[in-house]
Amino acid sequence: MAITTAPNSSAKGTVLNFNLSPKEIGDIVDKLIADGKKLQDSVAAQTNPTFDNVIVPLGTRENESSVDYLVTTFVQNVSTDEAVRDASMAAEEKLNAFEIESMMREDVYKAVRAVFDNADEMSKLEPEDRRMVEKMEEGYRRNGLGLSKEDREQLGAINKQLSELSIRFSRNINENDGHEAFTREELDGLPDDYFDGRATVVVDGVTKYMVTTKYPDLLPALKLAKNENTRRRLLHADETRCPDNIALLQEAVQLRLKAAQLLKYKTHAEFALEPNMAKDPDSVMEFELDLRTRLNILADQEISEIEALKKADKEAAGEPYDGLFIWDFRYYVNMVKERKHNISDEEVKRYFPMKEVTRGILDIYQEIFSLRFIRVENPPVWHPDVEMYEVWEAEEDKFVGHFYLDLYPREGKYNHAAVWPIRHGCTRADGSQEYPVAAMVANFPKPTSSTPALLKHDDAVTLLHELGHVLHNICSITKWSRFQGTSTESDFVEAPSQMLENWGWEPEVLRRFAVHYQTGEPIPEGLVKKLVAAKNSCAGLLNLRQVFFGMFDMSIHNTTDGHIDVTESYLELRKQITRFNSGDAKTWPFSTFGHMMGGYDAGYYGYLYSLVFSADMFESRFKKEGVVNPRTGMDYRNIILFPGGSRDSMEGLEKFLGRKPNNKAFLRSIGL
């Protein structure tokens, strides 16, 4: 099904305003806070608390205020105006502080608790309404209601500090890019299009090319630059670009532990994991350690291959072999893939022009999920690069929602890939439907003077993944906004998107959108076979890297005394688990590890944990029934995506699979 275009959004009332001035952002925030306080006072004054006079007003306010909250805090990631970004960041700090203050209101909690304790009323509620009461009560309790007044105030102050630290940490990453200047010879191995339009400087009469730590610059250089010193210098620039974040994370670790122990938990990890599928730190560590043991079997052989390659390079250069270093990781992992499977990213990317890949993936998602996407012409967006799409049901004239794609890097923009819900799909107070909106923000290579934007295969898989988060947000409809879309357990939230990554390895799917950027010829069958054969190249080392991130996370968040040096822990675990040395230079790589201050604290294990579920869903249903089977797609949409977090994810998994999930498909998928 081809994607059509529309001159402007025909779905009335659904288009959001991102063209906000700093003053408008401030005014919106002030009104949100004033209205919130007024409502909370009203709820607290109820003499006979019921679901209708306590939970419904609080939930309705969440539904109605979420869009203003989401828009005003989102623009800090994408606006080209620094004053707007500053205002958005200040708005998030102010709104988070108010949210923390709200969750500490004992009078409101008493009203909620009265409903929660009313067994007769609770038994008569619909499942999502009952879950709403349970999660509200849990939220207040986990924020300190039930503690003494003194401890409650201390916890509130800690949570406000953590919110402020998180915002500063993220802003530092976005706005502190490192850079190095190299001669063309020092960048030997990089393709010609890497230099198209690249800024240059003249140093002592020698022209040098500027290479930044933004992903489209950094990753190709680490993967392809033959000069080891070039890779070392560039990685050093990336791992030292945010020195202020060292103290921010170290402080956050201490504060999180202090907060957890006020709530009578031994560690922050114990507190954070309680609502998750894994439930406790012991389960997480058992998962990580078991996987590490299995992966080391693969990694032993992979390390031997890489050592042989580097020794040969050193011998050819007349230099002594001095071991494997972290700046060698991407370079030699890529070399193993190229030599073993006779395939290179430069060859592959000619068949992955951004425009065709995006169109093709959207076409496939339309087919699988029985949807229709319409690209809006001249949309009201925050930057000319941004595209806006409407989403409709394929078989009926029914609007579903819309989404934005902001895919190229620019100054001051969020510098990784992520999806933000901008408006939740939920039920309005009058019973009508609010339509969901999501935005995907990424940093894919831009077009050059000689070629269109070309993607590596990994980029195409990332696009499949992130558009999966878009679909999760768009296809989920719940009564209450707090449950909509990706608002699931944090160790399940990646599974729906991870499952869709599998489409990037299916020959019948690749042939539908992978075409040569000059000739339009489909990707050759032989190249597809080599690409698929290379899927698990160095799978041991690549997955050990993820185990390392998860175990570092647990090392700093599962401590009972907080006396841990974050820098030392990171560097030592990286060496032990990834088996690559860090070198002698002092670095602080965790300072750009945004997950640790962006909601994944004590939760990074979830990336691998959720892969168990994603592999099981793909192999057990789509692989058997057809990867573009719309009937399976609708089952997936209705059972996995539609409920969001309005029920336990395990319930949906078991219904979709017809049994309890297991790890057999996952282990097979990584070559074990």
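Calculation rules
- Residues numbered from 1 in each chain as written.
- Predicted model: local features only at pLDDT ≥ 70, side-chain atom pairs only at ≥ 80, totals over all residues.
- Heavy atoms only, no water.
- Buried < 20%, exposed > 50% of the residue type's maximum accessible area, 1.4 Å probe, protein only.
- Helix = DSSP H or I, 4+ residues; strand = E, 2+ residues; numbered from the N terminus.
- Pairing = 2+ DSSP bridges.
- Salt bridge = Lys/Arg side-chain N within 4 Å of Asp/Glu carboxyl O.
- Axes fitted to C-alpha atoms, helices over the stretch in contact; angles between N-to-C directions.
- Contact = heavy atoms within 4.5 Å.
- Parallel < 35°, antiparallel > 145°, perpendicular 65-115°, else oblique.
- Nonpolar A, V, L, I, M, F, W, Y, C, P; charged D, E, K, R; others polar.
- 1 Å grid on protein atoms, 1.4 Å probe; cavity = no way out; pocket = protein on both sides within 12 Å on 5 of 7 lines; lining within 4 Å.
- Points joined across faces, edges and corners; volume = space filled by probe spheres on them.

The next point concerns the pairing of strand 6 (residues 387-393). Regular strands have side chains that alternate between both faces of the sheet. Most of strand 6 sits inside the fold, with six of its seven residues counted as buried. Where strand 5 (residues 371-376) and strand 6 come together, six bridges link them in antiparallel fashion. Residue Phe 373 lies in a different strand from strand 6, and its bridge partner there is Val 391. Both strand 6 and strand 7 (residues 399-406) contribute to a ladder of six bridges, which runs antiparallel. Along strand 7, the bridge assignment pairs Val 391 with Gly 401. Taking the residues that link successive antiparallel strands as the turn, the strand 6-strand 7 hairpin has five residues.

Next up on the list: the pattern of salt bridges. Taken as a whole, this structure holds 57 salt bridges when the rule is applied. Ionic pairing is found between Arg 141 and Glu 137, a salt bridge with its closest N-O pair at 3.1 Å. With a gap of four residues between them, Arg 141 and Glu 137 both fall in helix 6 (residues 127-142), about one helical turn apart. When its relative accessible area of 1% is taken as the criterion, Glu 137 is described as buried.

We now examine the sheet that holds strand 4 (residues 206-212). Across the sheet, three strands lie side by side as 2-4-3; this open sheet has antiparallel pairing. Of all the strands in the sheet, the pair left with one neighbour each is strand 2 (179-182) and strand 3 (200-203). On average, adjacent strands in this sheet sit at an angle of 35° to one another, irrespective of strand direction. Seen against the sheet, helix 9 (residues 228-239) touches strand 2 and strand 4 and runs at an angle of roughly 160° to strand 2.

So, about the packing of helix 13 (residues 329-341) against helix 20 (residues 539-557). Orientation of helix 13 relative to helix 20, taken along the N-to-C sense of each, is 150°, at an axis distance of 10 Å. In terms of their interaxial angle, helix 13 and helix 20 are classed as roughly antiparallel. Residue-level contacts link Phe 329, Arg 330 and Val 333 of helix 13 to Leu 541, Leu 542 and Arg 545 of helix 20. When the residues that make up the contact of helix 13 with helix 20 are grouped by side-chain class, the tally is four nonpolar, no polar and two charged.

The computed volume of the second largest pocket comes to approximately 380 Å³. Residue lining of the second largest pocket: 18 residues in total, with Lys 355, Arg 359, Arg 375, Glu 387 and Tyr 389 positioned closest to the centre. With seven residues, helix 15 (residues 354-369) is the largest single contributor of residues to the lining of the second largest pocket.

Below, the discussion takes up the packing of helix 1 (residues 22-44) against helix 2 (residues 51-74). To describe two helices that pack against each other, one gives the angle between their axes and the distance between the axes. Running from amino to carboxyl end, helix 1 crosses helix 2 at an angle of 175°, the nearest separation of the two axes being 11 Å. Between helix 1 and helix 2, the angle is such that the two are roughly antiparallel. Listed contacts from helix 2 to Ile 25, Ile 28, Leu 32, Asp 35, Gly 36, Leu 39 and Val 43 of helix 1 are Asn 53, Val 54, Pro 57, Leu 58, Arg 61, Ser 65, Asp 68, Tyr 69 and Thr 72. Grouping the constituent residues of the contact of helix 1 with helix 2 by class yields nine nonpolar, four polar and three charged.

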